[in-house]
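Commentary on secondary and tertiary structure
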Amino acid sequence: MKAAAIIRVASAEDAIAHANDTEFGLGAAIWTRDVAKAAVYARQIEAGAVFINGMVASDPRLPFGGIKRSGYGRELGSYGIREFTNTKTVWTGPAR
């Protein structure tokens, strides 16, 4: 079962402010016919992932994780794999 809260707002700016007024920030979805505007709004929403015209979902090809009290860091995707690696630097000076 899935559920969604529906809240009436006066404008897109009000919707973004309402969405950001939370302690959490795992995922958000924007449903619209104007994908160009949605891309602008997606950058303003404080969430680890924003899906435009699609449900928030985990995909192993994409980094997934939240912000605020929804977590720190990413799993999955190329960004996620870096969370589980330990990079070592080996530097060799000039021969003498």
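The text that follows walks through the structure, step by step, so that each part is easy to find. Everything numeric here is computed off the predicted structure, so don't read it as measured data.

Helix and strand content of the protein chain: 3 helices and 4 strands. In the protein chain, the succession of α and β elements from N to C terminus is α-β-β-α-β-β-α. The globule rule puts the C-alpha radius of gyration for 96 residues at 12 Å, and the 19 Å found for the protein chain is more than 25% above it. Its C-alpha atoms give the protein chain principal-axis dimensions of about 70 × 30 × 25 Å. Within the protein chain, buried positions represent 18% of all 96 residues. Carbon and sulfur atoms make up 56% of the accessible area of the protein chain, which totals about 8,100 Å².

Ile16, Ala28, Ile30, Ala38, Ala42, Ile45 and Ala47 together form the largest nonpolar core, which totals 7 residues. Looking at this core, the elements that each hand over two or more residues are strand 2 (27-30) and helix 2 (35-44).

Moving on, we come to unusual backbone geometry. Notably, Asn53 is not glycine yet its phi reads approximately 55°, a positive angle. Structurally, the position occupied by Asn53 is in the loop between strand 3 (49-52) and strand 4 (67-68). Residue Asn53 is classed as partly exposed on the basis of its relative accessible area of 37%.

Let us look at the pattern of salt bridges. Under the criterion given, the structure shown has 1 salt bridge. A salt bridge links Glu46 to Lys68, with the shortest nitrogen-to-oxygen separation between them at 2.7 Å. Taken together, the positions of Glu46 in the loop between helix 2 and strand 3 and Lys68 in strand 4 put the pair 22 residues apart, joining distant regions of the chain. Glu46 gets classed as partly exposed once you look at its relative accessible area, which sits at 36%.

With that out of the way, let us pick up the environment of Arg96. Structurally, Arg96 can be placed in the segment after helix 3 (77-82). According to the relative accessible area criterion, Arg96 is exposed, its value standing at 97%. The spacing of Arg96 and Ala4 is 92 residues in sequence and 68 Å in space, taken between C-alpha atoms.

Rules and cut-offs
Residues numbered from 1 in each chain as written. Predicted model: local features only at pLDDT ≥ 70, side-chain atom pairs only at ≥ 80, totals over all residues. Heavy atoms only, no water. Helix = DSSP H or I, 4+ residues; strand = E, 2+ residues; numbered from the N terminus. Rg over C-alpha atoms; globule rule 2.2 N^0.38 Å. Buried < 20%, exposed > 50% of the residue type's maximum accessible area, 1.4 Å probe, protein only. Areas by Shrake-Rupley, 256 points an atom, 1.4 Å probe, with all protein chains shown as cover. Core = buried A, V, L, I, M, F, W, Y, C linked by side-chain atoms within 4.5 Å. Salt bridge = Lys/Arg side-chain N within 4 Å of Asp/Glu carboxyl O.

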